[in-house]
Amino acid sequence: MRHESGVTRKSDESGGNEETRSELLAGTLALMVLRTLAPGPMHGYGIAQRIQQVSRDVLQVNQGSLYPALLRLEQRGLISSRWGTSENNRRARFYSLTRTGRRELEAETGRWLRFSEAMGRLLEA
Amino acid sequence: MTTLRTWAVRLASLFRRRQLDERLDEEIRFHLEMQARENQARGMSPEEARRTARHAFGQVEALKEAYRERRGVPALETLARDLRYAVRMLRKSPGFTAVALLSLAFGVGANCAIFGVVDALLLKSLPVAGAERLVALSARLPSGELFPLFSYPAYERLAAARPVCSGLVAFTDQFRATVRPEGAAEAATPGRMPETANAALVSANFFSLLGVGTASGRTFGAEEGRPPGPHPVAVMSYGYWQRRYGRDPRVVGRALRVNGAAVTVVGVAARGFTGLFADAAPDLFLPLTLHGAVKHRGNFLIQGSYDEAAPPWRQPNAYWLTLVAKRRPGVGERQAAAALGVIFQAEKEAEAALQLTAQDRRDILAEALVLRPAGRGLADSRATLTAPLMILSAVAGLVLLIACANLANLLLARADRRRTEMAVRLGIGAGRGRLVRQLLTESLLLAGLGGVLGLLFAWWGSRLLVGLVQGNGQTLALDVAIDGRKLAFAAAVALLTGIAFGLAPALRATRIDIASSLKQGAAAAGGGAAGHRGGRRRMPLGRLLVVAQVGLSLPLLIGAGLFVRSLRNLMRVDTGFARLGLVQVTIRPGLLGYDDGRLAALYDRLVERIEALPGVRSVSLSDSGLLGTSWSVTDVEPPSGAPGAAPARDESINVQRSTVTWRFFATAGMRMAQGRGFAPQDREGAPKVAVINETLARRLFSPARAVGHRLRFKNPRFAGCCEVVGVVRDAKYHEVTETAPPVVYLPVTQSFEQLNAIQVRAAPGAGTAGAALAESLRRAAAETDPNLAVFSIATIDQQLARSLSYRSAVAKLIGFFGLLALLLAATGLYGVMAYSVARRTSEIGLRMALGAPRGLVLRLVLRETARLIGLGVAAGLAAALAATRAAASQLFGVSAFDPATVLAATAALALVALAAGFLPARRAAHTDPAVALRGE
C-alpha cells in the first residue's frame with residue numbers, strides 16, 4: 001500500500017528563492033566580476049576562484065550563478081569573451097573588460113564607495 | 001542604448017542557440033574539472049573531489065535554465081520549444097489527440113456556425129454609410145400592431161422632412177421575376193421553369209443616400225425612379241453578377257427582359273451590398289416607376305376606394321413601400337420621430353378622405369408613426385427565428401461545455417500519467433510556472449487546432465444551417481461567409497476553452513509531492529499517486545466533470561426528444577384537406593399579358609387537358625395555393641339583424657378571400673360542414689354565391705344556420721355578392737401552426753382573379769410518385785400554352801415539409817446535438833472509469849488474490865459508474881425542468897416536461913452511460929491477480 005511521505009519540499013518555493021537571491025546579488029555580482037577582470041582577461045573558473053578568495057565566508061555565491069551573470073554583462077557590452085587556452089592547455093572561455101565595461105566599473109565603484117561610506121557613517125554614528 | 005543593444009544581441013542569439021548551449025556546456029565542464037583538480041590537490045580522493053566540485057557549483061539544470069532565459073528572447077524561445085514539445089506529445093498519443101480535437105471541432109464549429117447565422121440576422125451592421133443613423137418607419141395601428149408599408153404620396157411628403165433627415169429611401173420587398181437577356185429565346189423549353197431572379201423596386205436616391213458605390217457602371221441618376229418614368233434601367237447586385245455573368249464587365253449597357261419588360265443594366269452595386277433587408281438579397285434593383293411594366297407582384301395593399309386607372313404613385317391608400325430614413329448627425333430618434341410624425345398625421349388626413357366608413361376614417365387618423373433602428377437591416381424572419389436561434393445557441397454552448405469537460409478530463413488523466421515526469425523535472429529544478437506554462441501550451445495547441453477544424457466545420461455548417469432554416473418555404477439570403485468576426489469568435493472560443501479547461505489540470509499536475517512521487521515512480525507510471533486515494537470524501541475533479549457532462553447531456557436529450565415529437569405532431573396535424581395523392585403546380589399566367597377573357601379560357605383548357613391525363617381524378621385552380629404564402633383579404637360587413645344572426649357588431653370582419661374553380665373542394669378533399677360546394681351552374685350571370693369556412697360562419701351567423709344568408713362586402717367591386725351556399729370545414733391555409741382565420745371562397749366564374757395554383761388529385765393507386773406525373777403535368781401545361789411559366793410542381797406533403805423546414809431544421813439540429821452530447825458524455829465516462837480501473841489494478845488484484853469473485857469486482861466498478869450517472873441524472877433533471885420551460889413556445893402538442901420523453905431520454909442516457917462504464921468494469925473483473933501484484 002502507498003503512504004504519504006513526510007518530507008514535503010515544495011519545489012516552487014525553492015525555485016522562487018533561487019530567483020530572489022540571484023536578483024538581489026545581480027548588481028553586486030556584476031561589480032565584483034568587473035573588478036576581477038580589471039587587471040586582465042580571465043576564464044570563468046578563475047573569476048569564480050578569485051571572488052571566492054576575496055569574499056570568502058561573507059558572500060555565499062553558487063559558483064554556477066556566475067555564468068548567467070557573465071552572459072548578461074556580455075550582452076550589455078561591458079565585457080567580451082573569446083576562446084583561449086588555459087594554464088593547463090585546456091580550451092577555456094576568456095572574459096575581458098571592454099571600454100564601456102571599464103567606464104562602468106569606474107562609475108559603479110564610485111557609487112559603491114559613496115554608498116558604503118554613507119552606510120558606515122550611519123552605522124557608526 | 002545598452003538595453004537596445006542587449007535585445008539586439010538576444011535576438012541574434014536566437015539563431016545561434018546550439019552554439020551557445022555548447023559553449024555553456026564546455027564552460028561548465030571546464031569549471032568542474034578545474035575545481036576537482038584543485039580539490040584533489042588539497043588531498044581529496046578523485047571521487048570526492050568531483051562530488052565537492054559539483055556541490056559547490058550548484059544545480060546544473062537550473063543554471064542552464066537561467067542561462068537560457070538570459071540568452072535569447074525567452075518568451076518567444078520557450079514558446080517555440082513548448083510548441084515543439086507539445087506537438088511531439090500530441091503525436092505520441094494519436095487516440096487522445098483525435099478524440100480531443102474532434103470533440104473540440106464539433107463544439108467550436110457548432111457554435112461558430114450558429115454565431116454566423118445569429119450575426120448575419122441579428123447583429124451585423126449593414127455595409128452602408130451611417131448605418132447607425134438609419135431608422136425604419138412604420139405605423140402603429142389602433143390594434144397595437146406595427147404596419148410597415150406606406151404609399152408613394154406618403155413617401156414624397158415624409159421625404160420633405162429635410163431638417164431632421166438627410167434623406168428617405170423607399171423600396172419594395174423582393175419579388176421573383178422572369179429575367180432573361182434580351183435576344184434569348186422567348187421560352188427556351190416550353191413548360192420548363194423560366195430563368196428567374198429576385199427583383200426589388202427602389203427609389204431614385206436609394207444608392208446615393210446609403211452611400212453604396214458600384215463595382216462597375218453607375219447607380220441610378222437623380223431622376224431615375226421619379227414618376228412618371230418609366231426609366232427602364234436596372235442595377236445588378238454583385239452576387240448575381242458573379243453567379244450569372246461571371247463578373248463580365250460587358251453586362252453594363254446590356255438589355256434584359258424582366259417579366260417581359262425591357263430594361264438596361266446601368267451598373268453593378270458594390271460587393272456585399274444586398275439591400276436593406278438582412279434576410280433577402282435582390283439580384284436586380286429597379287426604379288419604382290417600373291412597378292407596372294415589370295408587373296410587380298408583392299405586397300400592395302389597398303384600403304378604401306381605389307381608382308384602377310391611376311398610377312400607384314397617385315394612390316395615397318395603396319400601401320406597398322418600406323421607408324427607411326437617415327437621421328442627420330446629432331438628430332436624436334425622438335426628435336426625428338416628432339418632426340416626421342407631424343407630416344405623417346397630415347398625410348393620414350388625405351388617406352382618411354378615401355375611406356368608405358366612419359370607423360375606417362377614425363382608425364386611419366388614430367395611427368401613429370414609429371421609428372425603429374434599421375442599421376442592422378430589416379428582417380421579417382427575425383421575429384420567427386430569434387427564439388429558435390437562441391435555443392440553438394444555448395444548445396451549441398452546452399455541447400461545447402460537454403466537449404470541454406471531455407478535454408479537461410483527458411488532460412487530467414494524462415497529467416496524472418505524467419506525474420513521474422513532472423516530479424523529475426521539478427526535482428532537477430524546473431520552476432512550477434514553467435511547467436504550467438508548458439502544459440497550458442499543450443492545451444492551447446489542442447484548442448487552436450480544434451478551433452481551426454471547427455472553422456472548417458462551421459464553414460460547411462453555416463451553409464447547411466441557412467439552407468435548412470427557411471422562412472416560410474423561402475430560402476433566407478443570409479451572408480454567412482467566413483469573415484473577421486467569425487474568425488475572432490472562433491479564436492476567442494478556442495482560446496477561452498484552452499485556458500479555462502487546461503489550467504486546472506495543469507495546476508494539479510504540477511502540485512506534486514516530489515519525494516513521494518519519485519519514490520513511487522514505477523507505481524505512478526502504472527497509474528495513481530498519493531493523494532488520489534482520498535477521493536471518497538471529496539469528489540475528484542475528473543468525476544465531477546463526468547457528473548457535469550451527464551447533467552448537461554440530459555436536458556439536451558430531453559430537448560431533442562421534445563422537438564422531434566413536436567415535429568411529428570406538426571406533420572400529423574389535420575390540415576383539413578386530404579394530403580395523400582394531392583399535387584400542386586404553381587404557374588404565373590399573369591406574365592402572359594392576356595386579358596381576363598383569354599385567361600378564363602386558358603383555365604378551362606388547363607383543367608380539361610390535365611383531367612384527361614391518365615391517373616388524374618380531378619383538377620382545380622385557385623388564386624393562391626394550398627399552404628401558400630400569399631393571400632388576398634377583404635372586409636365583410638356583419639349581417640344587419642337578419643334572423644339567426646349573431647349579435648351585431650359595428651366592426652366589419654377582415655376575411656381572407658380565395659377565388660377557385662368549381663371543383664376546388666372536391667380536388668383538395670375538403671369536406672363540407674353544411675350546404676354544397678360550387679357547381680358548374682355557378683357561372684357568370686347566375687346568382688352570386690360564396691362558400692365560407694366554419695370560423696367565418698361562427699363569426700357572422702349562428703353556426704348551424706349559415707347557409708342561405710347573404711354576405712355583404714365592403715369593397716364596391718363585390719356589389720351584389722352573394723349568397724352563402726355552403727360551409728366548408730376549417731383547414732390549415734398557410735402553415736400548420738395557425739388557428740383558422742375567417743375565409744370566404746368565390747367561384748372564378750363570378751369574380752375574376754389570376755389563378756396561380758393548380759391542384760391535381762391523383763386517382764388512388766395511380767402511383768402519384770412524382771417524376772412521371774410531374775413530367776406529364778409539365779407537358780400538359782406546355783401543350784396548353786407554350787409560354788405559360790411553370791414555377792414548381794410538388795406534392796402537398798413536400799410543400800408541408802417545406803413550410804415546416806425551420807422547425808424540422810431546429811428539431812434535427814437539436815437531435816444531432818443531443819446525440820453528440822450523449823456520445824461525448826459516454827466517452828468521458830468511459831475515460832474516467834477506464835482510468836480509475838487502471839489506477840486501481842493492484843488494489844483489485846489484491847482483492848482477487850484474497851478471494852473476491854469476479855462478479856464482486858464487476859459490481860464494485862459498476863456501482864461507482866452508477867453513482868456518477870445517478871448524480872448526473874439528478875442534476876440534469878433539475879436543469880431540464882428549467883431549460884425546457886424556456887423553450888415551451890417552440891413546442892407543439894407536447895408539454896415542456898412530457899413524462900414519456902423525459903423517461904425515454906433518461907433511460908437512453910443511463911443505458912449508454914452504463915454501457916460505457918461496463919467495458920472498464922469487465923476489464924477490471926478480468927484482472928489477473930498475479931500480474932497486477934507483480935506490477936506493484
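What counts, and where the lines are drawn
Residues numbered from 1 in each chain as written. Chains lettered and ligands numbered in written order. Predicted model: local features only at pLDDT ≥ 70, side-chain atom pairs only at ≥ 80, totals over all residues. Helix = DSSP H or I, 4+ residues; strand = E, 2+ residues; numbered from the N terminus. Buried ≥ 20, exposed ≤ 12 C-beta atoms within 10 Å, placed from the backbone. Core = buried A, V, L, I, M, F, W, Y, C linked by C-beta atoms within 7 Å. Contact = placed C-beta atoms within 7 Å. Pairing = 2+ DSSP bridges. Axes fitted to C-alpha atoms, helices over the stretch in contact; angles between N-to-C directions. Left-handed = near helix turned anticlockwise from the far one by under 90°. Nonpolar A, V, L, I, M, F, W, Y, C, P; charged D, E, K, R; others polar. Parallel < 35°, antiparallel > 145°, perpendicular 65-115°, else oblique. pLDDT = per-residue confidence, 0-100.

Asks: Can you walk me through the overall build of chain A in this structure?
Replies: When helices and strands are tallied, chain A shows four helices and three strands. Ordered by position from the N terminus, the helices and strands of chain A form the series α-β-α-α-β-β-α. A burial count over chain A gives 26% of its 125 residues as buried.

Asks: What is the right way to read the overall build of chain B from this model?
Replies: Check the secondary structure of chain B and you find 28 helices and 25 strands. A buried classification covers 45% of the 936 residues belonging to chain B.

Asks: What is the right way to look at the nonpolar core in this model?
Replies: Burial of nonpolar side chains together is a common tendency in soluble globular proteins. Ranked by internal contacts, the top residues of the largest apolar core, which has 244 residues, are B:Ala234, B:Val399, B:Ala690 and B:Ala821. With sequence-adjacent residues up to four places away left out, B:Ala234 is seen in contact with B:Leu256, B:Val263, B:Thr264, B:Val265, B:Val266, B:Leu284, B:Phe285 and B:Leu286.

Asks: Is there a simple way to explain helix 3 (residues 66-75) of chain A in this structure?
Replies: Quick reminder: α-helices carry 3.6 residues per turn. Residues three or four places apart thus point the same way. All names here are of chain A. By the criterion of burial, helix 3 is predominantly enclosed, with eight of the 10 residues buried. Listing the buried residues of helix 3 in full gives Leu66, Tyr67, Pro68, Ala69, Leu70, Leu71, Leu73 and Gln75. Where helix 3 terminates, the next one or two residues include Gly77, which has phi positive at roughly 80°.

Asks: Before we go on, may I ask you to explain the sheet that holds strand 3 (residues 91-97) of chain A in this structure?
Replies: Sheets are built from strands that pair by backbone hydrogen bonding, the pairs being arranged parallel or antiparallel. All names here are of chain A. The strand order across the open sheet formed by three strands is 1-3-2, and the pairing between neighbours is antiparallel. Each edge of the open sheet carries a strand with a single partner, namely strand 1 (42-43) and strand 2 (79-85). Where strand 1 and strand 3 come together, two bridges link them in antiparallel fashion. By the bridge assignment for strand 3, His43 is matched with Phe94.

Asks: Hey, could you run me through the packing of helix 24 (residues 805-839) of chain B against helix 26 (residues 854-886) of chain B in this one?
Replies: The angle between the axes and the distance between the axes are what describe a pair of packed helices. Residues and elements named next belong to chain B. Following both chains from N to C, one finds helix 24 and helix 26 inclined at 145°, their axes separated by 11 Å at the closest point. Between helix 24 and helix 26 lies a crossing of right-handed hand. Contacts from Leu829, Met833 and Val837 in helix 24 reach Val861, Thr865 and Leu868 in helix 26. Broken down by class, the residue content of the contact of helix 24 with helix 26 amounts to five nonpolar, one polar and no charged.

Asks: Could you clarify how one ought to interpret the packing of helix 18 (residues 541-572) of chain B against helix 26 of chain B in this entry?
Replies: Residue and element names in this part refer to chain B. At a closest axis distance of 7 Å, the pairing of helix 18 and helix 26 adopts a crossing angle of 45°. Taken together, the axis directions place helix 18 and helix 26 in an arrangement best described as oblique. In the packing of helix 18 onto helix 26, the handedness of the crossing is right-handed. Contact with helix 18, carried on its side by Arg543, Val546, Val547, Gln549, Val550, Gly551, Ser553, Leu554, Pro555, Ile558, Gly559 and Leu562, involves Leu868, Ile869, Leu871, Gly872, Val873, Ala875, Gly876, Leu877, Ala879, Ala880, Ala883 and Thr884 of helix 26 and no other residues of that element. Per-class residue counts for the contact of helix 18 with helix 26 are 16 nonpolar, seven polar and one charged.

Asks: How do you make sense of unusual backbone geometry when you look at a structure like this?
Replies: Excluding glycine, a negative phi dihedral is what most residues carry, and trans is how most peptide bonds are arranged. All names here are of chain B. One non-glycine residue, Asn259, adopts positive backbone phi at about 50°. Within the secondary structure, Asn259 sits in the loop between strand 8 (255-258) and strand 9 (261-269). Asn259 gets classed as buried once you count the C-beta atoms within 10 Å, which come to 23. Even without being a glycine, Leu627 presents a positive backbone phi close to 55°. With respect to the helices and strands, Leu627 occurs in the loop between strand 16 (616-622) and strand 17 (632-637).

Asks: Mind showing me how you'd approach the pairing of strand 3 of chain A here?
Replies: A regular strand carries its side chains on alternate faces of the sheet. Residues and elements named next belong to chain A. The pairing of strand 2 with strand 3 spans seven bridges and is antiparallel. Within strand 3, the residue paired with Gly84 across the bridge is Ala92. Connecting the antiparallel pair strand 2 and strand 3 is a turn made up of five residues, with Asn89 showing a positive phi of about 60°.

Asks: Would you explain the confidence of the model for chain B in this entry?
Replies: Predicted coordinates in regions of low pLDDT should not be interpreted in detail. Residues and elements named next belong to chain B. Averaged over all residues, the pLDDT of chain B is 81; the fraction at 70 or higher stands at 89%. Low confidence marks residues 521-538, where pLDDT is under 50. Its contacts with residues over four positions away, or in another chain, come to 24 contacts. The ipTM assigned to the predicted complex is 0.74, against a pTM of 0.67.

Asks: Which parts of the structure should I look at to understand the environment of B:Ser658?
Replies: All names here are of chain B. Note on placement: Ser658 falls in strand 18 (residues 653-660). On the neighbour-count criterion, Ser658 (21 C-beta atoms within 10 Å) is buried. For Ser658 and Thr634, which are 24 residues apart along the polypeptide, the C-alpha to C-alpha distance reads 10.0 Å. With residues near it in sequence (within four places) discarded, Ser658 still touches Ser622, Asp623, Ser624, Val743 and Tyr745.

Asks: What am I meant to see in the confidence of the model for chain A here?
Replies: Residues and elements named next belong to chain A. A residue-level look at chain A finds 73% of positions with pLDDT of 70 or above and a mean pLDDT of 74. The least confident element of chain A is helix 1 (residues 11-37), whose mean pLDDT is 58; the most confident is strand 1, at 90. Counting contacts from residues 1-24, a segment whose pLDDT is below 50, to residues more than four positions away or on other chains yields 23 contacts.

Asks: Help me understand the environment of B:Asp483 in this model?
Replies: Residues and elements named next belong to chain B. Tracing the backbone shows Asp483 in the loop between helix 14 (432-468) and helix 15 (484-510). With 15 C-beta atoms packed within 10 Å, Asp483 lands in the partly exposed category. The spacing of Asp483 and Gly116 is 367 residues in sequence and 9.2 Å in space, taken between C-alpha atoms.

Asks: Would you mind showing me how to read the environment of B:Arg334 here?
Replies: Residue and element names in this part refer to chain B. The topology assignment puts Arg334 in helix 10 (residues 333-353). On the basis of neighbour counts, which here come to 9 C-beta atoms within 10 Å, the residue Arg334 falls in the exposed class. Sequence separation between Arg334 and Val370 is 36 residues, and the spatial gap between their C-alpha atoms is 9.7 Å.

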